[in-house]
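Survey of secondary and tertiary structure
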Amino acid sequence: MKLVEGKYYQFKVLNTVNLPDEGDFYMLRHKSGRRMLLPIEPYNKYCIGGNSTIECKVDKINCTGKVFLDPRHPVYTEGETYEFTVHKVDIKDINLNNTITVHDVFNNEIQVNWPTNNSQLPEIGTNIKLQVDRLKNGIPILNP
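Residues numbered from 1 in each chain as written. Predicted model: local features only at pLDDT ≥ 70, side-chain atom pairs only at ≥ 80, totals over all residues. Heavy atoms only, no water.

1. Focus on the sheet that holds strand 2 (residues 23-30)
Strand pairs in the sheet, formed through backbone hydrogen bonds, run parallel or antiparallel to each other. Note the threshold: Two strands qualify as a pair provided DSSP detects at least 2 bridges between them. Secondary structure is summarised from DSSP: a helix means a run of H or I of at least four residues, a strand means a run of E of at least two, and numbering begins at the N terminus for each. Axis lines are fitted to C-alpha atoms, over the contacting stretch for helices. Their N-to-C directions set the angle, which ranges from 0 to 180 degrees.
The sheet built from five strands is open, its strands ordered 3-2-1-4-5 with antiparallel pairing. In this open sheet, the two edge strands, each paired with only one partner strand, are strand 3 (35-39) and strand 5 (67-71). Strand-to-strand twist in this sheet, taken as the mean axis angle between neighbours without regard to direction, amounts to 50 degrees. Bridge count between strand 4 (residues 53-61) and strand 5: five bridges; the pairing is antiparallel. Bridge pairing in strand 5 places lysine 60 opposite phenylalanine 68.

What follows is the structure, encoded as structure tokens:
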């Protein structure tokens, strides 16, 4: 079966394996029988268990044919808008974007460029709505 970038596929989690010098991985099996490895580290808060089925997006297929998977996030969906609490505001030069820092549901720190043409910077502790443009290694890429 040929996997297509950007599409989601179901995979059964068979077990976990450790590859020396590379780390811990989930061993996945597609219904076609193809087996693939998914690194545990970026997704350790997803509650992926052995003998479960997960849905993964084919994030990229490189020139050698290696497939990079990204499991569906348990909370965020690409293209949707969610509330985030501002934890930090960095004011830059007038010609550059300002940066705000928010935390996602797993307490990952995410920096978001805040355009200088936006009338007002949000204050620390306030909730703002941000759109999830995409998810990369379990971290949402956000836009105001």
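Now, onward.
2. Quick notes on unusual backbone geometry
Selection criterion: Buried means the residue's accessible area, taken with a 1.4 Å probe over protein chains only, is under 20% of the maximum for its type, while exposed means over 50%, and partly exposed covers the values in between.
With a phi close to 70 degrees, aspartate 21 is a non-glycine residue in the positive phi region. Along the chain, aspartate 21 turns up in the loop between strand 1 (8-19) and strand 2. For aspartate 21, a relative accessible area of 84% corresponds to the exposed category. The backbone phi angle of asparagine 107 is positive, close to 65 degrees, even though this residue is not glycine.

Take it as geometry only, folks, not as evidence of what the structure does.
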